[in-house]
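As a plain string of letters, each chain reads:
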Amino acid sequence: FVRPDRNSMARLRIGWNRTNAAAAANPNEGAPDVTKPGDNSERCAFVHSLAFWEYIRLLRVNRDYRLYLCSHICQFVGGSFAHIANILAVERLNPGSSTSIATLVAIKMLPTIFFSSFGGIIADSFDRRRTMIMFDSIGAVTVLFNIVALHAKSITALYSVSLLRACLSSIYHPVTTAIVPLIVPESEDLKRAVTLNSLVWSSVIALGGITAGYAGALIGIEACFAIDSVAYLISAIVMSLAKGSYNVAAKGPSDNQPDSLMKPIVTFFQMTRELIIYIWTCSFGVLVFLKMSGSITWGSADVLNVSFSRIEGDEAASSKRLGMITSAVGFGCMLGPIVSNFFTDINKPKTIQLACIVALAIMMIGWIGISMMHTFYGRCFFTSVRTFGSAIIWVNSTLLLQKLTSEEILGRVLAMENILSHVGEAIVALIAGHLEDNYYTNEEIAKGAAIAGGTFCVMWLINFMYEGGAANKNLNKSESPEPISNNLHVEFK
């Protein structure tokens, strides 16, 4: 992209003037054909170049968003170091146990199921900026207990600290997600902010993975945990520099009625009942299981990545290899959604569903390649192929629901999708760890994942051919409001 110069802007104005003059001279002929070459192609090139500078303008004029983005970068960098350090710590305390790695993965998944809703309540009840600062400060202290657990050589203590950190992250995520529309209230800038966050996340994972791996080898696991703690502190300090109030809680008289304590429980069951009825009766309710299909397919990835990276008796070399394969994950996640955008149209939801079906096939190809490769670098390449597909499913399955679901129930539908995907991933990770410890080879497990991906691909393709989900021709605009995506990052798969 290049900054448009005065000549291109002048030519663009001439093109606009010609278009307006033609419309005035022939009012009955309608608008000119925008597909014709010439002035319109020049206008499109100008608009694309201008769109790039809109991102620069957003960062330049919105100070609080700059601070938020810097805080988010700190979170991502710290998360990369913590991810590598946790796996290496489990490997040190219980060498060669895939079940231990699978347990760690499940511990990180399960709190999302139970605490995400609680985080949403906190986000809607308190000042979101101050809540972020509070949880960053708590996280900076919590992560240091990993060092204590490591020196105590207690894997139970390490699991406990990981569980506590995962609980804090599960509560923190809805808060940090919900603050973005308050920092960037204008809808077009909000879309740009979402895109920037996604690109930043993918870039940090791609570069931070290999950096964290080499850091674990050169300066030790304890230093990686310390870096994560410092990243939390920097994030808290950066957000403390932001101005303004970010509290959306309604202020009114308190409810002192005798049944006020039972009211939240009754409301919870009523809203859950509405959710089940909505998913069961709407024409696209089956799409809530689309991301779960992907999570079951990629669920064994963390266990296998650790096995592929393991070099018996050499923790430093294992750390470097784990960092490299983590970066391969990041590169795939970065490219997948970008490429899929060229072939999908938000106004044609069936194209998005078809992209997810193709992504399942890509994941199957990735797993087949992983099962056939006997070199580490070959497996890294096919890991990027696999995550290319998994990132497409992660982003677009949510985008489909955002596009089609009515706003009044969208939050509950997305929560259900998130819960199902994490349950599927946690169960598959535990199964993969158990299989590997019971004499099943990595290649056999990878082939099983490929079979799962192929099976889901065929099932969803049949559903698509029979006009299921977003392919249903009865869907109309009143059933499909245009949403503004607030999905800030693709999870680390």
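Keep in mind the model is a prediction, meaning the values are calculated, not measured.

(A) Structural detail: helix α16 (residues 376-404). If you check α16, its first and last C-alpha atoms are 42 Å apart, about what 29 residues at 1.5 Å a residue would give, namely 42 Å. Of all 29 residues making up α16, 22 are buried, and the element is well covered by its neighbours.

(B) Looking closely at the nonpolar core. In this structure, Ile221, Leu322 and Trp367 are the most contacted members of the largest nonpolar core, which totals 41 residues. Ranked by residues supplied to this core, first place goes to helix α3 (residues 63-93) with 7 residues. If you look at the next biggest cluster of nonpolar residues, it comprises 33 residues, including Ile279, Val288, Leu420 and Trp460.

(C) Molecular detail of the packing of aromatic side chains. One pass over the structure, following the stated rule, counts 5 aromatic pairs. With a centroid separation of 5.8 Å and an interplanar angle of 75°, the aromatic rings of Phe376 and Tyr377 are classed as edge-to-face. Residue classification places Phe376 among the buried positions, given a relative accessible area of 10%. Relative to Phe382, the ring of Phe381 lies with its centre 5.1 Å away and its plane at 80°, an arrangement referred to as edge-to-face. Its guanidinium or amino end placed over the ring of Trp394, Lys291 lies 4.0 Å from that ring's centre, counting from NZ or CZ. Here the basic side chain of Arg321 rests over the ring of Phe376, its NZ or CZ set 4.2 Å away from the ring centre.

(D) Seen up close, the pattern of salt bridges. In total, this model carries 7 salt bridges according to the counting rule given. Note that Glu91 is salt-bridged to Arg310, the shortest N-O span being 2.7 Å. With Glu91 in helix α3 and Arg310 in the loop between α13 (301-309) and α14 (315-340), the pair connects residues that are 219 residues apart, well separated along the chain. By relative accessible area, Glu91 is classed as buried at 16%. Linking Arg92 and Glu222 is a salt bridge whose minimum nitrogen-to-oxygen distance equals 3.5 Å. With a gap of 130 residues between them, Arg92 in helix α3 and Glu222 in helix α10 (residues 221-240) connect regions that are remote in the sequence. Overlapping salt bridges, with partners in common, bring together Arg92, Glu222 and Glu315 in one network.

(E) Representation of the packing of helix α15 (residues 349-372) against helix α18 (residues 442-465) in the model. It is the contact of α15 with α18, at a shortest axis distance of 8 Å, that shows an interaxial angle of 160°. Classified by the angle their axes make, α15 and α18 are roughly antiparallel. In terms of crossing hand, the pair formed by α15 and α18 is left-handed. Its residues assigned to classes, the contact of α15 with α18 shows 16 nonpolar, 5 polar and 3 charged.

Basis of the calculations
- Residues numbered from 1 in each chain as written.
- Predicted model: local features only at pLDDT ≥ 70, side-chain atom pairs only at ≥ 80, totals over all residues.
- Heavy atoms only, no water.
- Helix = DSSP H or I, 4+ residues; strand = E, 2+ residues; numbered from the N terminus.
- Expected span 1.5 Å × (residues − 1).
- Buried < 20%, exposed > 50% of the residue type's maximum accessible area, 1.4 Å probe, protein only.
- Core = buried A, V, L, I, M, F, W, Y, C linked by side-chain atoms within 4.5 Å.
- Phe/Tyr/Trp six-rings, centres within 6.5 Å; stacked < 30°, edge-to-face > 60°.
- Lys NZ or Arg CZ within 6 Å of the ring centre and 35° of its normal.
- Salt bridge = Lys/Arg side-chain N within 4 Å of Asp/Glu carboxyl O.
- Axes fitted to C-alpha atoms, helices over the stretch in contact; angles between N-to-C directions.
- Parallel < 35°, antiparallel > 145°, perpendicular 65-115°, else oblique.
- Left-handed = near helix turned anticlockwise from the far one by under 90°.
- Nonpolar A, V, L, I, M, F, W, Y, C, P; charged D, E, K, R; others polar.

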